[in-house]
Amino acid sequence: MTREGDVVRAAACEFARAFEARLGSGRLRYQEPLAPYVNWRVGGPAEWFFIARTRTDLIVAVRTAREAAMPVTILGYGANVLVSDTGVAGLVILNRTEGMEVRGEEIWAESGMNLVTLARRACEAEIGGFEFLMGIPGTLGGAIVGNAGTREEWIGERVLEVEALDERNEVLLWSRAQLDFGYRRSRFQRTSEVVLAARLKGYRASRASIEAKMQRMLEARTHQPSGPSAGSVFKNPPGDYAGRLIEACGLKGYRLGGALISEQHANFILNTGGATAREIRALIQLAKAAVRERFGILLEEEVRFLGVWDS
Ligand code: EPU
């Protein structure tokens, strides 16, 4: 036993004690496998893992980890992340805060809210403007961070304001103008703020017209590959499509172990069974290098990499 090892263990005990005192015993897990929580179904464990059910859970968990100088990662539905095979250090919080309220044409929802549930509830309340969320796997918080959407519509357009926990653990309210929304971009990609909730605005529409649009959105997705993936791996570069460029490099159907560049859509990488994060990452790098070599275009990843990577 090294002295350094003792210090690390004591700090871990101290963190776990403080955490349980604030959030209840038996809720903090150690070395929890993350693969079941992410769409790609790959990756190693979270050092520490906690499921936040309420806004208070989320705020207190983040604060407690930060006080222990521990890195914090928030996971929604793991729809757009690749977890490394060695896992993620620090505390991973699975965000399942699902409060929601409808006020006229506005919706207030917590960041762990499922996007499809949000679209369905908006439909029940005859609020249009959220149909495009059908078929997008994910939570509201994740959608806001990545300004998720289709090619025509994205969540940022519907946001009036976002409540977030800043780096000093203060709760702030940001208006849309302060959120720096762009194509698959928001301020939250360059800060360590945690999205807590958002106020969204739609418009009055009949239930029948909303349902018809929801149906069209689902049908539009049938050309996308099914199976464990993270949707589009890369953002589309200006004026072109990542899928078209990767296909033109002859990479459709290229396989590394269990990871496959989809035959159906080249910007999707599938886990066909037993893939490792390393294999998926290698395919991402291969596609990126091929497109750069052939077209001189540097593709930018839409997926986020969690954990430690050696390249
Ligand atoms: N294409 C190819 N080869 C391929 C794939 C696509 O040539 O292998 C061509 C298609 O023929 C089409 C063009 O590329 O002309 C665009 O393809 P698609 O309609 O499939 O849309 P996309 O640009 O690849 C974007 C979003 C999707 C969203 C769809 C529909 C990005 C990075 N992706 O895909 O979002 O569902 O539009 O609105 O902007 C996601 O972000 O994870 C995602 C799935």
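Residues numbered from 1 in each chain as written. Predicted model: local features only at pLDDT ≥ 70, side-chain atom pairs only at ≥ 80, totals over all residues. Heavy atoms only, no water.

K.L.:
I keep staring at the packing of helix 3 (residues 115–124) against helix 5 (residues 207–220) and nothing clicks. Help me out?
P.N.:
Axis angle and axis distance: for two packed helices, these are the angle between their axes and the distance between the axes, and together they describe the pair. Interaxial distance between helix 3 and helix 5 falls to 9 Å at its minimum, and their mutual angle equals 155°. Here helix 5 runs roughly antiparallel to helix 3, going by the angle between their axes. Of the residues in helix 5, those touching helix 3 at Ala119, Arg120, Cys123 and Glu124 are Arg207, Ile210, Glu211 and Met214. Grouping the constituent residues of the contact of helix 3 with helix 5 by class yields four nonpolar, no polar and four charged. (Axes fitted to C-alpha atoms, helices over the stretch in contact; angles between N-to-C directions. Helix = DSSP H or I, 4+ residues; strand = E, 2+ residues; numbered from the N terminus. Parallel < 35°, antiparallel > 145°, perpendicular 65-115°, else oblique. Contact = heavy atoms within 4.5 Å. Nonpolar A, V, L, I, M, F, W, Y, C, P; charged D, E, K, R; others polar.)

K.L.:
Where do I start with the sheet that holds strand 15 (residues 269–271) in this structure?
P.N.:
Paired through their backbone hydrogen bonds, the strands of a sheet run either parallel or antiparallel. Taking strand neighbours across the sheet as the criterion, the three strands line up as 13-14-15 in an open arrangement whose pairing is antiparallel. At either end of the open sheet lies a strand with only one pairing partner, and these are strand 13 (255–256) and strand 15. Judged from the two bridges that link them, strand 13 and strand 14 (residues 259–261) form a sheet pairing that is antiparallel. By the bridge assignment, Leu256 is partnered in strand 14 with Ala259. With respect to the sheet, helix 7 (residues 277–295) is in contact with strand 13, strand 14 and strand 15, its orientation differing from that of strand 14 by roughly 25°. (Pairing = 2+ DSSP bridges.)

K.L.:
Mind showing me how you'd approach the pairing of strand 3 (residues 72–75) here?
P.N.:
In summary, the side chains of a regular strand alternate between the two faces of the sheet. What you see with strand 3 is a clean split: Thr73 and Leu75 sit on the buried side and Val72 and Ile74 on the side with no burial. Sheet topology places strand 3 next to strand 5 (residues 88–95); four bridges connect them, and they run parallel. Bridging across to strand 5, Leu75 finds its partner in Leu94. (Buried < 20%, exposed > 50% of the residue type's maximum accessible area, 1.4 Å probe, protein only.)

K.L.:
Teacher, can you tell me more about the nonpolar core here?
P.N.:
Nonpolar side chains in soluble globular proteins tend to be buried together. Core analysis: the largest hydrophobic core is formed by 36 residues, its most contacted members being Ile107, Leu118, Leu140, Ile144 and Phe188. Secondary-structure elements contributing two or more residues to this core are strand 7 (106–110), helix 3, helix 4 (140–146), strand 9 (159–165), strand 11 (194–201) and helix 5. Here the element with the most residues in this core is helix 3; it accounts for six residues. Sequence-distant contacts of Ile144, that is, excluding residues within four places in its chain, are made with Ile155, Val159, Val162, Phe181, Ser186, Phe188, Val195 and Ala198. Core analysis: the second largest hydrophobic core is formed by 23 residues, Val42, Phe234, Ala259 and Ala275 among them. (Core = buried A, V, L, I, M, F, W, Y, C linked by side-chain atoms within 4.5 Å.)

K.L.:
Help me understand the pattern of salt bridges, please; the structure alone is not making it clear to me.
P.N.:
Opposite charge on two side chains makes pairing possible when the charged atoms of those side chains draw close. Inspection of the entire model under this criterion finds 25 salt bridges. Residues Asp6 and Arg9 are paired through a salt bridge, measuring 3.0 Å at the closest nitrogen-oxygen approach. Of this pair, Asp6 and Arg9 both sit in helix 1 (residues 3–23), three residues apart, which is roughly one turn of that helix. What makes Asp6 partly exposed here is its relative accessible area of 37%. Ionic pairing is found between Glu67 and Arg63, a salt bridge with its closest N-O pair at 3.8 Å. With Glu67 and Arg63 both in helix 2 (residues 55–67) and four residues apart, this pair spans about one turn of that helix. Because the salt bridges share partners, they merge into one network encompassing Arg22, Arg63 and Glu67. (Salt bridge = Lys/Arg side-chain N within 4 Å of Asp/Glu carboxyl O.)

K.L.:
How do you make sense of the site of the ligand when you look at a structure like this?
P.N.:
In the region of the ligand, 21 residues are neighbours, and Arg151, Tyr183, Asn236, Glu247 and Glu302 sit closest. Between Ala266 and the ligand, the recorded distance is 2.8 Å, taken from a backbone N or O atom to an oxygen atom. The residue inventory of the shell around the ligand, partitioned by class, reads five nonpolar, eight polar and eight charged. A domain split of the shell around the ligand shows at least three residues from each of domain 2 (100–221) and domain 3 (242–306). (Near = heavy atom within 4 Å. Polar contact = N/O pair within 3.5 Å; in protein donor to acceptor, adjacent residues only side chain to side chain. Domains from an automatic or database assignment.)

K.L.:
Where do I start with helix 5 in this structure?
P.N.:
Taking 1.5 Å as the rise per residue, helix 5 with 14 residues should run 20 Å; its terminal C-alpha atoms sit 20 Å apart, in good agreement. Restricting attention to buried positions, one finds in helix 5 the residues Ile210, Lys213, Met214 and Met217. Along the axis of helix 5, the buried positions cluster into a sector of 105°, meaning they face one direction only. Its buried side turned inward, helix 5 meets helix 3 and strand 8 (127–128). (Expected span 1.5 Å × (residues − 1). Arc of directions from axis to C-beta.)

K.L.:
I'm lost on a nonpolar patch on the surface in this one. Help?
P.N.:
Judged by side-chain polarity, Tyr254, Leu256 and Leu286 come together as a nonpolar surface patch covering roughly 220 Å² of accessible area. Note on placement: Leu286 falls in helix 7. (Patch = residues over 30% accessible without salt bridge, like charges linked within 9 Å, V, L, I, M, F, W, Y side chains within 5 Å. Areas by Shrake-Rupley, 256 points an atom, 1.4 Å probe, with all protein chains shown as cover.)

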